[in-house]
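Below, each chain spelled out in residue letters.
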Amino acid sequence: MVSFLIAYATWSGNTQEVAELIEHQLRDAGISVTTYRIGGGVIPNPRHFDALIIGSFTWDKGSTPDEVKDFVADVGYKPDNVYVFGTGDTQFGGDALFCNAAVKLARFYASTYEPLKIEQSPRGVQESKVIEWSKGVIQHWKN
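First, a word on what this report is: a plain description of the structure on this page. Computed from a prediction, not measured in an experiment: that's the story for all the values here.

### Quick notes on the overall build of the protein
For step 1, the next point in the chain: On a plain count of helices and strands, the protein comes out with five helices and five strands.
For step 2, the next point in the chain: Secondary structure elements of the protein, listed N to C terminal, follow the sequence β-α-β-β-α-β-α-α-β-α.
For step 3, the next point in the chain: Taken over C-alpha atoms, the radius of gyration comes to 14 Å for the protein, in line with the 15 Å a tight globule of 143 residues would show.
For step 4, the next point in the chain: With the principal axes as the frame, the protein shows a C-alpha extent of 40 × 35 × 25 Å.

What follows is the structure in structure tokens.
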């Protein structure tokens, strides 16, 4: 069975909501999913999964939060098949810094799939954006 690890950092709960929506889509597609809140204990070994989905909020003028940087360092290598999502807020830095942590992570991992960027909460119209991105990840994985 195909298995994915979803690792995410959240403070407000927005990134967690996105992770839960992604998890639901993956499970509906028959994919085994393990979720891990970054900073929440022992890190699951990404080598035990077929793909890693990493999610982060953007902090302090476009920065990646320290706990996400620590997670990346603790993993200690760049897994293959990494997908990235992020939450952010355009009122702090505009489009240039919007979800910049996700952009940086996707570049760092050389992700071949466009990162998902969500303005604050994934509710309403943005929920469908998460669902469509998740379906795209599944198709990308299959190909």
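### Quick word on the nonpolar core
For step 1, the next point in the chain: Ile 38, Ile 54, Phe 71, Val 84 and Leu 105 are the most contacted members of the largest nonpolar core, which totals 21 residues.
For step 2, the next point in the chain: Secondary structure elements with two or more residues in this core: β1 (3-8), β3 (51-57), α2 (66-75), β4 (82-88) and α4 (100-108).
For step 3, the next point in the chain: The element best represented in this core is α2, accounting for four residues.
For step 4, the next point in the chain: Residues contacting Phe 71, with those up to four places away along its chain left out, are Ala 7, Tyr 36, Ile 38, Ile 43 and Ile 54.
For step 5, the next point in the chain: If you look at the next biggest cluster of nonpolar residues, it comprises 20 residues, including Phe 4, Leu 26, Ile 53 and Trp 133.

### As for the packing of helix α1 (residues 14-28) against helix α5 (residues 125-142)
For step 1, the next point in the chain: For the pair α1 and α5, interaxial distance at closest approach is 9 Å and the crossing angle is 45 degrees. By the angle between their axes, α1 is oblique relative to α5. The chirality of how α1 crosses α5 is right-handed. Contact residues: Val 18, Leu 21, Ile 22, Gln 25 and Leu 26 in α1; Glu 127, Val 130, Ile 131, Trp 133, Ser 134, Lys 135 and Ile 138 in α5.
For step 2, the next point in the chain: Taken together, the residues of the contact of α1 with α5 sort by class into eight nonpolar, two polar and two charged.

### Section: the pairing of strand β2 (residues 32-37)
For step 1, the next point in the chain: Inspection of the sheet shows β1 paired to β2 by six bridges, in the parallel sense. Paired with Leu 5 across the strands is Thr 34, a residue of β2.
For step 2, the next point in the chain: The parallel pair β1 and β2 is bridged by α1, and the resulting crossover is right-handed.

### Side note on the side chain of Thr 64
For step 1, the next point in the chain: Position of Thr 64 among the secondary structure elements: in the loop between β3 and α2.
For step 2, the next point in the chain: With a relative accessible area of 9%, Thr 64 lands in the buried category.
For step 3, the next point in the chain: Excluding its chain neighbours within four sequence positions, the residues that come into contact with Thr 64 are Ser 56, Lys 69, Ala 101 and Lys 104.

### Concerning the pattern of salt bridges
For step 1, the next point in the chain: Applying the stated criterion to the full structure yields three salt bridges.
For step 2, the next point in the chain: Salt-bridge contacts for Glu 17 lead to Arg 123; the nearest nitrogen and oxygen are separated by 2.6 Å. In this pair, Glu 17 is assigned in helix α1 and Arg 123 in the loop between β5 (116-119) and α5, connecting sequence segments 106 residues apart.
For step 3, the next point in the chain: Among the residues examined, Arg 123 registers a relative accessible area of 55% and is labelled exposed.
For step 4, the next point in the chain: Between Glu 23 and Arg 27 there is a salt bridge whose closest N-O contact spans 2.9 Å. Here Glu 23 and its partner Arg 27 are both found in helix α1, four residues apart, which amounts to about one turn of the helix.
For step 5, the next point in the chain: With a relative accessible area of 18%, Glu 23 lands in the buried category.
For step 6, the next point in the chain: Relative accessible area serves as the criterion here: at 44%, Arg 27 is assigned to the partly exposed category.

Reading the values: the criteria
- Residues numbered from 1 in each chain as written.
- Predicted model: local features only at pLDDT ≥ 70, side-chain atom pairs only at ≥ 80, totals over all residues.
- Heavy atoms only, no water.
- Helix = DSSP H or I, 4+ residues; strand = E, 2+ residues; numbered from the N terminus.
- Rg over C-alpha atoms; globule rule 2.2 N^0.38 Å.
- Core = buried A, V, L, I, M, F, W, Y, C linked by side-chain atoms within 4.5 Å.
- Buried < 20%, exposed > 50% of the residue type's maximum accessible area, 1.4 Å probe, protein only.
- Contact = heavy atoms within 4.5 Å.
- Axes fitted to C-alpha atoms, helices over the stretch in contact; angles between N-to-C directions.
- Parallel < 35°, antiparallel > 145°, perpendicular 65-115°, else oblique.
- Left-handed = near helix turned anticlockwise from the far one by under 90°.
- Nonpolar A, V, L, I, M, F, W, Y, C, P; charged D, E, K, R; others polar.
- Pairing = 2+ DSSP bridges.
- Right-handed = clockwise from strand over helix to strand, strands pointing away.
- Salt bridge = Lys/Arg side-chain N within 4 Å of Asp/Glu carboxyl O.

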